[in-house]
Amino acid sequence: MIKVGVLGARGRMGGEVCRAVEGADDLELAAAVDEGDALDALTAADVVVDFTHPGVVMDNLQWCVKNGLHAVVGTTGFDASRLDTVRSWLTDAPGNVIIAPNFGVGAVLMMHFAQKAAPFFESVEIVETHHPNKADAPSGTAHRTAELIAAARAEAGVAPSPDATTSGLHGARGSDVDGVHVHAVRLAGAVAHQEVLLGGHGEIFTMRHDSMNRASFMPGVLLAVREVAGRPDRLTLGIESLLGL
Ligand SMILES: NC(=O)C1=CN([C@@H]2O[C@H](COP(=O)(O)OP(=O)(O)OC[C@H]3O[C@@H](n4cnc5c(N)ncnc54)[C@H](OP(=O)(O)O)[C@@H]3O)[C@@H](O)[C@H]2O)C=CC1
Ligand SMILES: O=C(O)C1=N[C@H](C(=O)O)C[C@H](O)C1
């Protein structure tokens with residue numbers, strides 16, 4: 001039985017994780033912690049799952065690492081500098097960490113296929129749509145997709161996407177992540193959606209993924225909870241390797 005602690009337990013994702021853990025025969029919900037609660041209850045767990053906020057996740061994760069707990073992190077906001085900091089914490093601590101911007105299997109496949117397809121097209125842009133309560137923009141998934149696409153295009157020697165824009169309203173072309181334009185829509189009724197638009201010679205290839213509800217992330221979260229202790233690397237980014245991609 002793996003004992004699981006949840007940080008952000010009263011949130012949209014944290015609540016869903018608590019329900020998923022309680023519904024799994026091989027997992028036990030050992031602690032459910034939210035803002036204002038003492039973290040000490042989490043020492044009853046083997047693995048802590050964090051779905052909180054980009055502004056607090058580093059402190060939470062440092063506490064978990066210091067207390068020798070394995071951690072599965074879905075909270076967004078991890079840039080290269082944050083990841084280096086996490087690696088430095090892990091050098092003399094026993095726990096492993098998995099950080100993934102998206103635990104949805106379809107979303108992970110979309111990122112994987114987008115990376116493969118991007119070098120074959122002249123133009124690429126990303127449009128992500130989320131519920132209006134989301135704190136960060138663009139989404140962690142869109143940011144990571146853009147980084148993967150940019151790296152694949154750079155490795156293949158592909159020129160930047162053509163764009164003759166010389167004037168326009170600020171923000172009209174979205175944000176620029178490593179040369180890939182990312183557009184963030186916030187829309188009532190939406191959950192989490194992303195399109196990768198690839199344009200070439202007389203053809204447009206659109207890849208789209210929709211998370212219809214937060215249960216869609218749970219198979220990936222539970223997979224990470226079950227595998228984190230046995231990972232060969234102290235820090236695993238994304239669940240691609242857990243899915244054999
Ligand atoms: N990787 C993935 O697959 C997914 C990632 N996410 C990401 O997960 C994060 C959370 O999303 P979501 O669940 O929608 O957000 P919510 O705002 O619904 O939930 C966050 C919860 O964390 C609580 N919280 C805030 N600070 C702390 C703290 N210091 N310690 C413990 N709990 C705290 C909040 O409390 P309060 O409201 O009182 O501040 C809230 O209950 C976001 O970064 C989001 O982008 C979301 C979906 C999927
Ligand atoms: O805040 C959300 O809802 C989501 N956040 C993650 C992100 O920023 O990519 C994952 C998913 O898109 C849902």
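Residues numbered from 1 in each chain as written. Chains lettered and ligands numbered in written order. Predicted model: local features only at pLDDT ≥ 70, side-chain atom pairs only at ≥ 80, totals over all residues. Heavy atoms only, no water.

Under an unreviewed UniProt entry, the name given to the protein is 4-hydroxy-tetrahydrodipicolinate reductase, and the source organism is Actinomadura graeca. In UniProt, the protein has this text filed under Sequence similarities (unreviewed entry): "Belongs to the DapB family." (UniProt positions renumbered as here; feature names shortened; annotations may be inferred.)

Enquirer: Explain the nonpolar core to me, and be specific about the residues and the numbers.
Expert: Nonpolar side chains tend toward joint burial in soluble globular proteins. Residues Val-17, Val-49, Val-72, Phe-103, Val-221, Val-225 and Ile-239 are the most contacted members of the largest nonpolar core, which totals 29 residues. When residues of this core are traced back to their parent elements, those giving at least two are strand 1 (2–7), helix 1 (12–22), strand 3 (47–50) and helix 6 (218–227). The contacts of Val-221, once residues within four sequence positions are left out, are Val-17, Val-49, Phe-51 and Phe-103. (Core = buried A, V, L, I, M, F, W, Y, C linked by side-chain atoms within 4.5 Å. Buried < 20%, exposed > 50% of the residue type's maximum accessible area, 1.4 Å probe, protein only. Helix = DSSP H or I, 4+ residues; strand = E, 2+ residues; numbered from the N terminus. Contact = heavy atoms within 4.5 Å.)

Enquirer: Kindly report on the site of ligand 2, identifying the contributing residues and their values.
Expert: Neighbouring ligand 2 are the residues Thr-76, Pro-101, Asn-102, His-130, His-131, Lys-134, Asp-136, Ser-139, Gly-140, Thr-141, Ala-192 and Phe-217. Interatomic distance of 2.8 Å between a backbone N/O atom of Gly-140 and an oxygen atom of ligand 2. Contact between ligand 2 and Thr-141: an oxygen atom at 2.5 Å from a side-chain N or O atom of the residue. Expressed as a share of its isolated accessible area of 320 Å², the protein-covered part of ligand 2 is 83%. In this structure, ligand 2 is accommodated by the largest pocket. Looking at side-chain class alone, the shell around ligand 2 contains three nonpolar, seven polar and two charged residues. (Near = heavy atom within 4 Å. Polar contact = N/O pair within 3.5 Å; in protein donor to acceptor, adjacent residues only side chain to side chain. Areas by Shrake-Rupley, 256 points an atom, 1.4 Å probe, with all protein chains shown as cover. 1 Å grid on protein atoms, 1.4 Å probe; cavity = no way out; pocket = protein on both sides within 12 Å on 5 of 7 lines; lining within 4 Å. Sits in = over half its atoms within 2 Å of the grid points. Nonpolar A, V, L, I, M, F, W, Y, C, P; charged D, E, K, R; others polar.)

Enquirer: I'd love a proper account of the pairing of strand 2 (residues 27–33), names of residues and values included.
Expert: In terms of strand pairing, strand 1 meets strand 2 through six bridges, oriented parallel. Looking across to strand 2, one finds that Val-4 is bridged to Leu-29. A crossover connection joins strand 1 to the parallel strand 2 through helix 1; in handedness this β-α-β unit is right-handed. (Pairing = 2+ DSSP bridges. Right-handed = clockwise from strand over helix to strand, strands pointing away.)

Enquirer: Mind laying out the UniProt feature "domain: Dihydrodipicolinate reductase C-terminal" (unreviewed entry) in the protein, listing which residues take part and the relevant values?
Expert: Following the UniProt record, the feature "domain: Dihydrodipicolinate reductase C-terminal" (unreviewed entry) maps to residues 106–242 here. The distance separating the terminal C-alpha atoms of residues 106–242 is 14 Å; by composition the span is 28% helix and 27% strand.

Enquirer: Which residues make up the confidence of the model for the protein, and what are the values?
Expert: Across the protein, the average pLDDT comes to 97, with 100% of residues at 70 or higher. We note a pTM of 0.97 for the whole complex and an ipTM of 0.99 for its interfaces. (pLDDT = per-residue confidence, 0-100.)

Enquirer: For the site of ligand 1, give the residues involved together with the corresponding values.
Expert: Lining the immediate surroundings of ligand 1 are 21 residues, of which Arg-12, Asp-34, Glu-35, Thr-76 and Phe-103 lie closest. Separating an oxygen atom of ligand 1 from a backbone N or O atom of Gly-11 is a distance of 3.3 Å. Arg-12 is positioned such that a nitrogen or oxygen atom in its backbone is 2.8 Å from an oxygen atom of ligand 1. Summarising the interface, the protein chains cover 76% of the accessible area of ligand 1, which totals 920 Å² for the free molecule. With respect to the detected pockets, ligand 1 is housed in the largest pocket. Its residues placed into classes, the shell around ligand 1 shows eight nonpolar, seven polar and six charged.

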